[in-house]
Amino acid sequence: MKFQPFVLIFFVLAGICPAASFCQVVPAVDLSNGVIHARIYLPDTGVGYYRGTRFDWSGVMPELTWKGHSYCGVWFDNYNPRTHDAIMGPVESFSPLGYQKATTQGTFVAVGIGVLEKPDTAAYSPFRYYSIRDAGHWAIKSRKSSVRFTHTLKDKSYPYRYSKEIILEKGKPVLTILHAFINRGRDTVMLEVYDHNLFVYDQIPTGPGYSTHFNFQPAVIPGGERGFGESGIVTVKDSAINFNRMPQKGESVYGLLTGYSKNDPRYSMRVENNTSGAAMEITG
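Just so it is clear, the model here is predicted, and its values are computed rather than measured.

Draft legend 1. Spatial organisation of the overall build of the protein. Looking only at helices and strands, one finds 0 helices and 23 strands in the protein. For 284 residues, the compact-globule estimate of 2.2 N^0.38 gives 19 Å, and the C-alpha radius of gyration of the protein, at 19 Å, lies within 12% of that figure. With the principal axes as the frame, the protein shows a C-alpha extent of 50 × 45 × 40 Å. The burial tally for the protein puts 46% of its 284 residues in the buried class. Within the protein, contacts between residues at least 6 apart in sequence are counted, and of these 60% link residues at least 24 apart. Of the roughly 13900 Å² of accessible surface on the protein, a fraction of 51% belongs to carbon and sulfur atoms. Mean positive and mean negative side-chain charge positions of the protein (29 and 24 charges, respectively) differ by 7 Å.

Now the structure itself:
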């Protein structure tokens, strides 16, 4: 299956836990193009599946299936709607707007979430929950094979209109995500976006059998990496990252990669599971 989001800023491989149970009924929409099926959770301040303050609330994807293979699922042990990473599928987190200049008990903005309160003088942390002062307004338009989210925020400093559209391409095993951001304020908006691909193939935990292939020879930039090497969890070989062993609870693999050309108009990787035969190509 081919999956097309936007530019990937970095790549993270995390140990995936067996699926946790979740029985609460939350707002959702089911999409199908006759080839692939996706379930998308909808943003909701009261009963939405994800109500944390790290990730954009739109596009949380608990189900993605094709030819009997499942590509999404719960990968964490414990669920709470405010936990920063209790989220699934291809999701994004944006760097905060106005956090540094905000005073204690003042406000800042997180795209796709709303106006948040700065509780103290500590540095911003994506792993922390911040009280939501204004969740803005979500407009949702769904069709048989697509859904469009529009988030409007009327903040004094950073008013904006942000949209995300998820489209299942007609007759193809292709899912495309489109984004648009309109700055309605006077201040310049400078954002970083972190793309996370939180997939679980056929409920198989991350480990031997999984490999990630690139269209270039990847190399890990020294400094800060973990889990790489012949004695580590993964090894880089023949344009791919391969798992040597199953990560233990609490372990993860992290590394900043180089080796790609900045002039290459297509940024892509292919994640395969040789055990079940499931695979996905991610391009931007």
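Past the structure itself, the notes keep going.
Draft legend 2. Up close: the sheet that holds strand S9 (residues 114-117). Strand order in the open sheet formed by 3 strands is S8-S9-S10, and the pairing between neighbours is antiparallel. The open sheet is flanked by strand S8 (107-110) and strand S10 (132-134), the only strands paired with a single partner. The sheet shows a mean angle of 45° between the axes of neighbouring strands, taken without regard to direction. Relative to S10, S9 runs antiparallel, the two sharing 2 bridges. Bridge pairing in S10 links Leu-116 to Ile-132.

Draft legend 3. Looking closely at the sheet that holds strand S4 (residues 36-41). Strand order in the open sheet formed by 4 strands is S3-S4-S5-S6, and the pairing between neighbours is antiparallel. Edge positions in the sheet fall to strand S3 (28-32) and strand S6 (69-70), since each of these pairs with one other strand and no more. The sheet contact formed by S3 and S4 spans 5 bridges and is antiparallel. Residue pairing for S4: Leu-31 is matched across the bridge by Ala-38.

Draft legend 4. Molecular detail of the nonpolar core. Counting 56 residues, the largest nonpolar core has Ile-40, Tyr-49, Leu-64, Ile-166, Leu-175 and Tyr-201 as the members making the most contacts within it. Every residue in contact with Tyr-201, bar those within four places of it in the chain, is listed here: Ser-70, Tyr-71, Tyr-210, Val-271, Glu-272, Asn-273, Ala-278, Ala-279 and Met-280. Counting residues in hydrophobic clusters, the runner-up holds 11 residues, among them Leu-97, Val-109, Tyr-158 and Val-193.

Draft legend 5. Looking closely at the pattern of salt bridges. Counted according to the given criterion, the structure contains 10 salt bridges. Measuring nitrogen to oxygen at the nearest pair gives 2.8 Å for the salt bridge that ties Arg-39 to Asp-30. Classification of Arg-39 by relative accessible area gives partly exposed; the value is 29%. In this structure, Arg-148 and Glu-165 form a salt bridge, with 3.4 Å as the shortest nitrogen-oxygen distance. Taken together, the positions of Arg-148 in strand S12 (residues 146-153) and Glu-165 in strand S13 (residues 160-168) put the pair 17 residues apart, joining distant regions of the chain. Several salt bridges converge on common partners, so that one network encompasses Asp-56, Glu-92 and Lys-164.

So, how was this worked out
Residue numbers restart at each chain and count upward from 1, following the sequence in its written direction. In keeping with the model being predicted, local features are shown solely for residues with a pLDDT of at least 70 and side-chain atom pairs are shown and tallied solely at 80 or more, while totals for entire chains, interfaces and linings include all residues. The basis for every side-chain value is the complete set of heavy atoms in the structure, and neither hydrogens nor water enter the calculation. Segments assigned H or I by DSSP are reported as helices when at least four residues long, segments assigned E as strands when at least two residues long, and all are numbered from the N terminus. We take the radius of gyration over the C-alpha atoms and set the globule estimate at 2.2 Å times the residue count to the 0.38 power. With a 1.4 Å probe rolled over the protein chains alone, any residue whose accessible area is under 20% of its type maximum counts as buried; one over 50% counts as exposed, and the rest are partly exposed. A contact between two residues is defined here by any heavy atoms of the two lying within 4.5 Å. All accessibility values rest on the Shrake-Rupley procedure with a 1.4 Å probe; residue burial counts only the protein chains present in the view. None of His or the chain ends enter the tally, which takes Lys and Arg as positive and Asp and Glu as negative. Where a charge sits is defined by one atom per residue type, namely NZ (Lys), CZ (Arg), CG (Asp) or CD (Glu). When DSSP finds two or more bridges between a pair of strands, those strands are recorded as paired. Think of each axis as a best-fit line through the C-alpha atoms, taken over the contacting stretch in the case of a helix, with angles from 0 to 180 degrees between the N-to-C directions. To define a nonpolar core, start from buried Ala, Val, Leu, Ile, Met, Phe, Trp, Tyr and Cys residues and group those joined through side-chain atoms within 4.5 Å. The working definition used for a salt bridge is a side-chain nitrogen of Lys or Arg within 4 Å of a carboxyl oxygen of Asp or Glu.

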